[in-house]
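# Descriptive structure summary
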Amino acid sequence: DRGDEGVPICLAAGVRKLLGLPEVRKIPRAYGLLRAGFPFLKTLGMRRVTNTPMDVAVGEDGTVYVLSRAGAIVRLPWNDMATDWDKYTTNTIGGAGSDDGKFTWPVSMVIDVAQNLWVSDEALHRITVLTTDGEFVAKWGEHGKDKGQLDRPAGIALDSEGNVLVADALNHRVQKFTREGVFLATWGTQGKADGEFDMPWGIAVDEFDDVYVADWRNDRVQKFTANGEFVLKFGRSGGGNGEFNGPAGLEVDKDGDIYVAEPDNNRVQLFDQTGRYVETFIGDATLSPMARDYMLTNSYPNRLREMADLEPQKRLRSPRSVTVLDDGRMLIPDFASFRV
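Residues numbered from 1 in each chain as written. Predicted model: local features only at pLDDT ≥ 70, side-chain atom pairs only at ≥ 80, totals over all residues. Heavy atoms only, no water.

### Here we look at the overall build of the protein
Filter applied, for reference: Only DSSP runs of H or I reaching four residues or more are called helices, and only runs of E reaching two or more are called strands; each is numbered from the N terminus. Relative accessibility under 20% of the residue-type maximum defines a buried residue, over 50% an exposed one, and the middle range a partly exposed one, all with a 1.4 Å probe and only protein chains included. Contacts between residues were defined by any pair of non-hydrogen atoms, one from each residue, lying within 4.5 Å.
Of the regular secondary structure elements, the protein holds 4 helices and 22 strands. Going through the 340 residues of the protein one by one, you find that 49% of them count as buried. For the protein, contacts bridging at least 24 residues in sequence account for 47% of all contacts bridging at least 6.

Encoded structure:
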């Protein structure tokens, strides 16, 4: 197809800008809310293996990478069969610390097309990149208030050009960097007006490079263009449908639907692309295969389970983020239950 100026509209936005051409009008999504929810599929991980999970990413080979608040990244195969316990207790990368490739208070993790893992660390005020084998690739970021500096970076996301967007929480702004950490742009300041933030946490980018931000202390989600222009907002304080109590991680799927994790409300909410409330997920977990294997060989925890009310055990407890794959799977790190 061709645009009004007679040039192919498939030109990347950055190329068009260099050529002095106007921005191409976005083609709307062919949209219809056709899915019938997300029926529970399976549980991954367990206590002592996937402790305090903050975020997850899934590699091309199906490996699930689980980011622990303690600093380790645990690698789990999707089948999660605990036939070799040593494999699960040692199959980690990263680790606690401040050296290269280590983490102190990691928050968010994404995987890029080269299968590198990008992790934000709010204590070290930096972004770290590792291969999926755990090799250190890069780190950047320094503590401060100036442009390009960070103060408790939380959510991170990658746009279509490989740039890195960071929810700079205590600077109450969004910043955009190159993959090498070179500062490109920023928007936002502390406040409650449109385009302002109060400790933003989660951040996501859709296929149009529009940016979605979970505005944590304002109990809302805001949407922006790739240039930081305010588009819309939704949400208010509370525990009802469409309300928030500290929205944390968020995700946008290929249909433009928006998923928001709420640790304090123990749920994930789904909204359509206009911000209309659609559905709530509160969890429906069973034991993972590795947890079943453990319970069968350890009588004490098995006896405790027999005496417990199992209904609450199925539910989400303080989920910090949510990941939605193109194949229709939704993965939720169940922070206080040590599982995905």
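### Describing the sheet that holds strand β6 (residues 116–121)
Heads up, the rule is: Strand pairing is defined by DSSP finding a minimum of two bridges between the two strands. Every axis in this analysis is a line fitted to C-alpha atoms, fitted for helices over the stretch in contact. Angles between the N-to-C directions lie between 0 and 180 degrees.
Taken together, 4 strands build an open sheet; the order of strands is β5-β6-β7-β8 and the sheet is antiparallel. Edge positions in the sheet fall to β5 (106–111) and β8 (136–140), since each of these pairs with one other strand and no more. Direction aside, neighbouring strands of the sheet carry axes that sit 20 degrees apart on average. One ladder, built from 6 bridges, connects β6 with strand β7 (residues 126–131); its direction is antiparallel. Counterpart to asparagine 116 in the pairing with β7 is threonine 131.

### What about the environment of glycine 162?
Considering the arrangement of structural elements, one finds glycine 162 in the loop between β9 (153–158) and β10 (164–168). On the accessibility criterion, glycine 162 (13% relative accessible area) is buried. Counting along the chain gives 49 residues from glycine 162 to valine 113, while the straight-line C-alpha distance between them is 9.1 Å.

### Focus on the pattern of salt bridges
Stated formally: Any Lys or Arg side-chain nitrogen found within 4 Å of a carboxyl oxygen on Asp or Glu counts as a salt bridge.
Here the structure, examined in full by the defined rule, presents 19 salt bridges. When the shortest N-O distance is used, the salt bridge between aspartate 327 and arginine 329 registers 2.9 Å. When salt bridges with common partners are traced through the structure, they connect Asp284, Glu311, Lys314 and Arg315 into a single cluster.

### Regarding a nonpolar patch on the surface
Heads up, the condition is: Patches in this entry comprise residues that are over 30% relatively accessible and not in a salt bridge; like charges within 9 Å are linked, as are nonpolar side chains (Val, Leu, Ile, Met, Phe, Trp, Tyr) within 5 Å. Surface exposure here means Shrake-Rupley accessible area, sampled with a 1.4 Å probe, where a residue is shielded only by the protein chains that are shown.
Where nonpolar side chains cluster on the molecular surface, the patch consists of Tyr300, Leu304 and Met307 and spans about 380 Å² of accessible area. For tyrosine 300, the location among the structural elements is in helix α4 (residues 299–307). We classify tyrosine 300 as exposed; its relative accessible area is 62%.

### Some remarks on the environment of valine 340
Note that valine 340 resides in the segment after β22 (330–331). For valine 340, a relative accessible area of 13% gives the class buried. A C-alpha to C-alpha distance of 9.8 Å links valine 340 and methionine 54, two positions 286 residues apart in sequence. Ignoring anything within four residues of it in the chain, the contact list for valine 340 reads Lys42, Thr43, Leu44, Val56, Val66, Leu331, Ile332, Pro333 and Asp334.

### Here's the deal with the packing of aromatic side chains
To keep it simple, the criterion reads: Two rings belonging to Phe, Tyr or Trp (six-membered ring only in the last case) form a pair when the distance between their centres is within 6.5 Å. Interplanar angles under 30 degrees mark stacking, angles over 60 mark edge-to-face geometry, and anything in between is tilted. Distance and angle both matter: a charge sits over a ring if NZ of Lys or CZ of Arg is within 6 Å of the ring centre and within 35 degrees of the ring normal.
Going through the model one piece at a time under the given rule, you end up with 12 aromatic pairs. For the ring pair phenylalanine 244 and phenylalanine 271, a centre distance of 5.5 Å and an interplane angle of 55 degrees mean the geometry is tilted. Of this pair, phenylalanine 244 sits in the loop between β16 (230–234) and β17 (250–252) while phenylalanine 271 sits in strand β19 (residues 267–271), placing them 27 residues apart in sequence. Each member of the pair, phenylalanine 244 as well as phenylalanine 271, carries the same accessibility label: buried. Pairing phenylalanine 271 with tyrosine 277 gives two aromatic rings, centres 6.1 Å apart and planes at 75 degrees, and the pair type is edge-to-face. According to the relative accessible area criterion, phenylalanine 271 is buried, its value standing at 1%. Judged by its relative accessible area of 24%, tyrosine 277 is partly exposed. The ring of phenylalanine 335 carries the charged tip of arginine 320 above its face, separated from the ring centre by 3.8 Å.

### Things to note about the pairing of strand β20 (residues 277–281)
Successive residues of a regular strand alternate their side chains across the two faces of the sheet. Where β19 meets β20, 4 bridges bridge the pair, whose relative direction is antiparallel. From the neighbouring strand, phenylalanine 271 faces β20, where its bridge partner is tyrosine 277. Connecting β19 to the antiparallel partner β20 that follows it, the hairpin turn spans 5 residues, and glycine 275 within it adopts a positive phi of roughly 90 degrees.

### Observations concerning the side chain of arginine 126
Spelled out, the test is: As used in this structure description, the phrase polar contact means that two N or O atoms lie within 3.5 Å; if the pair is within protein, one of them must be able to donate a hydrogen and the other to accept it, and residues adjacent in sequence are counted only when both atoms belong to side chains.
With respect to the helices and strands, the residue arginine 126 is situated in strand β7. A distance of 3.0 Å separates a polar side-chain atom of arginine 126 from the backbone oxygen of aspartate 99. Of note is the side chain of arginine 126, whose polar atom sits 3.2 Å from the backbone oxygen of lysine 102. Residues in contact with arginine 126, not counting those within four places in the same chain, are Ser98, Asp99, Lys102, Val119, Ser120, Asp121, Lys139, Trp140, Gly141, Leu150 and Pro153.

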